[in-house]
Structure formats: C-alpha cells, structure tokens
Amino acid sequence: MSLVLSLSDLLNRVSPHIEKSQAARQKKYDVIVLGVGSMGSSSCYYLAKQGLSVLGIEQFSIPHEGGSHAGQSRIIRKAYFEHPNYVPLLEAAYKNWKDLETETGIQLYFKTGLLYFGKPESPLIKGLKLAAEKYKVPIQPVSVQEMKNRFSSFQIPSEYERMMEPDAGFVTPERAILAYTERALQLGASIHVQEKTLAWKKSGNTFIITTDKNTYQCEKLVITAGAWAGKMVTEVANKLQVTRQIIGWMKPKINSQFQLEKFPCWTLADPEKPGIYYGFPILPSSTFGGITGLKLGHHTPGISTDPDQTDRNPVKEDEANLIAMLSRFIPEGYASTAGMKSCLYTYTPDENFVIDFVPGTDNGAVMAAGFSGHGFKFASIVGEIMADLVIKKTTDQPIAFLNADRLGKKG
C-alpha cells in the first residue's frame with residue numbers, strides 16, 4: 001500500500017542527497033539534463049535507470065514555484081478533448097505513475113473522478129466524446145437526479161451536458177518531482193540546484209555546457225527547461241509563447257462538502273469565456289504543501305511574459321474572474337479568498353507539445369517543451385521517451401504528431 005507521505009517529509013528525505021550529489025562535481029557525463037522540473041526529473045530517473053552517468057542541472061530548488069509545476073495538484077484524465085492522439089500516451093503515463101508509486105511506496109495519483117460540464121457543441125464536450133469513443137475510455141452521463149444526490153454543490157444550467165470520467169483524478173506535482181529526483185539519485189545520477197545554465201554548444205561529438213558555477217561535457221543533451229526552453233533552443237524560440245497564469249484557493253461556505261474523498265475534480269466550459277475552468281477538492285497543506293482551500297483556475301492564455309521578468313502578483317481582475325465563476329456554478333464554493341498564486345504556461349501555436357531532437361545537433365540533443373498548460377500528467381512517460389531518444393534515437397511511443405517540424409522554420 002502506498003503512503004500519503006507529506007511534502008515536507010519527502011523534501012527532508014531528498015534534500016540531503018541532493019546536497020551530497022552537488023558537492024561531488026565531476027566534469028564529464030554520458031547525459032546532461034537541463035531543467036529538473038516535471039519532465040527533467042523523470043528524464044534523470046529513466047536515463048539513470050539505464051545505467052548512464054547523468055547530471056541534472058536546475059537553476060532553482062527542487063521543487064520550486066518559478067515555473068509550471070507548483071500548486072499541489074494536476075488533473076489526470078484519459079478522455080482527452082485536446083487531441084485523441086494523446087490517449088495512448090496517457091495509457092502509458094498511468095502505468096508509469098503506478099510503477100513509480102510501487103517503486104517508491106509513495107501515493108502520487110488520487111482517483112477522485114472528473115466531472116465535465118459544457119454545452120454539447122463546446123470543444124470540451126465534443127473532444128472528450130471523440131477521444132472516449134475512439135479509445136474506449138469509460139465516461140458516463142450524469143443525470144439531473146444524480147447531480148442533486150452526489151454533486152449538489154454544483155449549479156449547472158439545464159442546457160449543459162454533464163459527464164463523469166470515473167478513473168480520472170489528480171497527481172501531486174511537487175511530490176512526484178521529488179520522488180523521481182530521489183530515485184534518480186539512488187540510481188547514481190547527480191543533481192545540481194541553484195545553478196543556472198548560461199550556454200551550451202556542440203563541439204565535434206561532445207556537448208559543452210557552461211553554467212554560472214562550472215563547465216561540463218556530455219555525449220548527449222536533454223533540454224527540459226519549461227518556460228526557459230525558448231532561451232535554450234533558439235530554433236523554436238519564436239514558436240513558444242510564455243504566459244503568466246493565475247491559480248486561486250478559496251475558502252468555501254461549508255468546508256466539509258469540498259474535502260478530498262467527498263468532492264471530485266471538475267472542468268467546465270463557459271460559452272461566455274474562452275478556454276475552460278477547472279478545479280480540485282480541498283487538500284490539506286500539511287500533506288500537500290501550499291495553501292489549504294478549494295483550488296481552481298482558468299485554462300486560457302494569460303499575459304505574455306519573459307520568464308526572467310514576470311510580474312508574479314495577481315491583480316483584482318484575476319481574483320474577480322474566479323469568484324464570478326464560483327458564484328455562477330458553485331455558489332457554496334466561495335466565502336473568502338485563501339490565496340492566489342501565479343505560474344507559467346509555454347504555448348505552441350497548436351497547443352500541442354514539442355518532443356523531438358534539437359535541430360542541428362545530429363540527433364545528439366533532445367527536447368521536450370511547449371506543454372501548453374496540460375503537460376504535467378504526461379511527465380511519467382515523457383521521461384521514458386527522452387531516454388529512448390537518447391539511447392535508441394527512436395521510441396515506440398506515438399509521438400510523431402509532436403514533432404518540431406510542424407512548427408515551421410525559425411523566423
């Protein structure tokens with residue numbers, strides 16, 4: 001049985017090993033991973049698992065709130081309205097999350113079920129039905145009576161469709177990143193934190209990486225730099241738009257009905273607003289870190305920003321948007337605001353990921369970027385794909401639709 005280990009306990013368990021790893025600074029490795037967040041920590045693990053000497057370089061701490069992975073929870077689901085081609089990757093991701101839980105003894109996936117609300121013609125409802133039908137993902141309509149009996153906190157207009165994906169839920173990002181980091185270290189990887197990559201170049205068959213603390217060499221390079229990917233891979237820089245996104249935690253009128261085990265994850269397409277709203281049950285900060293409250297967000301492009309110069313402060317309009325949504329659809333969900341935070345999305349033009357070799361490196365460097373605000377759930381399979389591309393220069397996973405060529409040439 002996997003344990004619900006607290007974030008602070010896990011951090012205390014992993015931090016001394018990161019410090020020890022950082023103290024022993026060799027100069028040459030088989031593979032260097034730039035960015036040890038969601039995809040980077042998983043990549044370090046899968047590469048080390050194959051017996052390679054691995055160095056992960058992270059400019060912040062592990063985990064941190066400067067990029068895209070902070071905030072307690074990320075929805076995981078299979079009825080993927082964004083594109084049905086993601087479903088086979090999700091099947092593999094679910095398996096890999098389970099394997100990591102078994103290997104570490106730490107619960108990372110929480111099955112809450114996921115409610116979908118929207119008008120029949122909305123991209124959310126049309127897309128999830130398409131993916132579910134094509135790949136036989138179990139989803140089921142929720143009747144008006146069932147809404148009253150089980151999900152009475154929601155006030156959904158009669159013209160909206162109401163669907164449930166029973167096997168969906170959430171993964172805990174900070175705890176997952178620490179679990180991957182811990183296993184990578186145990187398998188012999190080195191992890192350096194608070195070390196900023198300044199430049200990298202290919203010289204013959206060797207990559208030379210310069211940081212603010214040292215210079216390293218490696219035979220293969222993995223770039224999983226999140227919002228900083230465009231600064232690392234100039235060939236795709238103009239195709240990656242970084243935006244500031246706002247997440248809120250609210251104190252509901254009656255806490256008990258929104259607790260984990262009682263309240264599901266949910267998504268909702270409001271025809272009066274772009275994108276979708278989404279949310280989670282209340283998670284205790286003593287276990288999951290962060291703020292205790294009813295977490296929700298608005299998945300739509302925010303304000304474009306430079307990740308090194310982002311204004312992190314939420315404004316009144318951000319808060320008002322979320323409060324208005326709750327007032328309309330979950331009226332018991334708002335009594336006061338517990339807290340607001342910002343994170344970063346990195347969008348591609350089609351909002352699909354980029355997983356490919358870095359142009360001009362003779363397949364010596366690989367990148368995973370542009371996760372467009374819906375990537376974390378895939379971290380468990382992206383790391384495996386990165387290891388495949390490094391070692392075999394190919395992968396059995398169906399990633400052809402995520403190639404870099406579709407973005408067009410620079411300029």
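What counts and how
Residues numbered from 1 in each chain as written. Predicted model: local features only at pLDDT ≥ 70, side-chain atom pairs only at ≥ 80, totals over all residues. Heavy atoms only, no water. Phe/Tyr/Trp six-rings, centres within 6.5 Å; stacked < 30°, edge-to-face > 60°. Helix = DSSP H or I, 4+ residues; strand = E, 2+ residues; numbered from the N terminus. Buried < 20%, exposed > 50% of the residue type's maximum accessible area, 1.4 Å probe, protein only. Axes fitted to C-alpha atoms, helices over the stretch in contact; angles between N-to-C directions. Parallel < 35°, antiparallel > 145°, perpendicular 65-115°, else oblique. Left-handed = near helix turned anticlockwise from the far one by under 90°. Contact = heavy atoms within 4.5 Å. Nonpolar A, V, L, I, M, F, W, Y, C, P; charged D, E, K, R; others polar. Core = buried A, V, L, I, M, F, W, Y, C linked by side-chain atoms within 4.5 Å. Pairing = 2+ DSSP bridges. Salt bridge = Lys/Arg side-chain N within 4 Å of Asp/Glu carboxyl O. Expected span 1.5 Å × (residues − 1). Bend = angle between axes of the 7 residues up to and from the residue. Lys, Arg positive; Asp, Glu negative; His and termini not counted. Polar contact = N/O pair within 3.5 Å; in protein donor to acceptor, adjacent residues only side chain to side chain.

## Things to note about the packing of aromatic side chains
Summed over all chains, the structure comprises 26 aromatic pairs. Here Phe-117 and Phe-154 contribute two aromatic rings whose centre-to-centre distance is 5.1 Å and whose plane-to-plane angle is 55°, an arrangement assigned as tilted. Of this pair, Phe-117 sits in strand E5 (residues 114-118) while Phe-154 sits in the loop between helix H5 (144-150) and strand E7 (161-165), and the two are 37 residues apart along the sequence. Judged by its relative accessible area of 0%, Phe-117 is buried.

## So, the packing of helix H2 (residues 38-49) against helix H6 (residues 173-186)
For the pair H2 and H6, interaxial distance at closest approach is 8 Å and the crossing angle is 25°. Judged by the angle between their axes, H2 and H6 are roughly parallel. Handedness of the crossing formed by H2 with H6: left-handed. Contacts between H2 and H6 involve Ser-38, Ser-41, Ser-42, Cys-44, Tyr-45, Tyr-46 and Ala-48 on the former and, on the latter, Ile-177, Tyr-180, Thr-181, Arg-183 and Ala-184. Its residues assigned to classes, the contact of H2 with H6 shows seven nonpolar, four polar and one charged.

## Some points on the nonpolar core
Of all hydrophobic cores here, the largest spans 90 residues; its most connected members are Tyr-86, Trp-97, Ile-355, Phe-378 and Met-386. Contact partners of Met-386, with chain neighbours within four places excluded, come to Ser-43, Val-222, Ile-355, Val-366, Met-367 and Ala-368.

## So, the pairing of strand E16 (residues 294-299)
With six of its six residues buried, E16 lies for the most part within the structure. Relative to E16, strand E13 (residues 241-251) is paired through four bridges, and the arrangement is antiparallel. Residue Gly-248 lies in a different strand from E16, and its bridge partner there is Leu-296. Judged from the four bridges that link them, strand E15 (residues 276-279) and E16 form a sheet pairing that is antiparallel.

## Looking at the pattern of salt bridges
On inspection of all chains with the given rule, the structure shows 19 salt bridges. With its nearest N and O atoms 3.9 Å apart, the salt bridge here joins Asp-308 to Lys-196. Taken as a pair, Asp-308 in the loop between strand E17 (303-304) and helix H9 (316-329) and Lys-196 in the loop between strand E9 (190-192) and strand E10 (197-203) lie far apart in primary sequence, 112 residues in all. The class of Asp-308 is partly exposed, set by a relative accessible area of 41%. Arg-244 serves as the salt-bridge partner of Asp-318, at 3.0 Å between the closest nitrogen and oxygen. Residue Asp-318 is located in helix H9, and its partner Arg-244 is located in strand E13; the two are separated by 74 residues in the primary sequence. By relative accessible area, Asp-318 is classed as buried at 17%. We classify Arg-244 as buried; its relative accessible area is 9%.

## Some points on the pairing of E13
With nine of 11 residues buried, E13 lies mostly within the body of the structure. Where E13 lies against strand E18 (residues 336-347), 11 bridges are found, and the strand directions are antiparallel. Bridge pairing in E18 places Ile-246 opposite Ser-342. Where E13 meets E17, two bridges bridge the pair, whose relative direction is antiparallel. The residue of E17 that forms the bridge with Thr-243 is Ser-304.

## Overview of helix H1 (residues 7-23)
Between its terminal C-alpha atoms H1 stretches 24 Å, which fits the 24 Å expected from 17 residues at 1.5 Å a residue. If you look at H1, its biggest bend is around 25°, right at Val-14, and the proline Pro-16 turns up within four residues after that. When H1 is considered as a whole, its buried residues turn out to be Leu-7, Leu-10, Val-14, Ile-18, Ser-21 and Gln-22. On its buried face, H1 sits against H6, E9 and helix H8 (285-288).

## Structural notes on the sheet that holds strand E4 (residues 109-111)
Read from one edge of the open sheet, three strands run E3-E8-E4, paired in antiparallel fashion. A strand with exactly one partner marks an edge of an open sheet, and here the two such strands are strand E3 (74-76) and E4. With direction set aside, neighbouring strand axes in the sheet form an average angle of 30°. Across three bridges, E3 lies against strand E8 (residues 169-171) in antiparallel orientation. Bridge pairing in E8 places Ile-75 opposite Phe-170.

## Comments concerning helix H4 (residues 123-135)
Taking 1.5 Å of rise per residue, 13 residues should cover 18 Å, and H4 covers 18 Å from first to last C-alpha, within 8% of that figure. Turning to H4, its buried residues number three or more, namely Leu-124, Ile-125, Gly-127, Leu-128, Ala-131 and Ala-132. Taken together, the buried residues of H4 touch helix H3 (87-104), E5, E7, strand E14 (265-268) and E15. Of the residues flanking the end of H4, it is Lys-136, one or two places downstream, whose phi is positive at about 55°.

## A few points about the side chain of Arg-175
Topologically, Arg-175 is positioned in helix H6. As a buried residue without a salt bridge, Arg-175 has its nearest oppositely charged side chain in Glu-101, at a separation of 7.2 Å. At a separation of 2.9 Å, a polar atom in the side chain of Arg-175 contacts the main-chain carbonyl oxygen of Gln-107. Setting aside chain neighbours within four positions, we find Arg-175 in contact with Leu-3, Val-4, Leu-5, Ser-6, Leu-7, Leu-10, Ile-106, Gln-107, Leu-108, Phe-110, Thr-287 and Phe-288.

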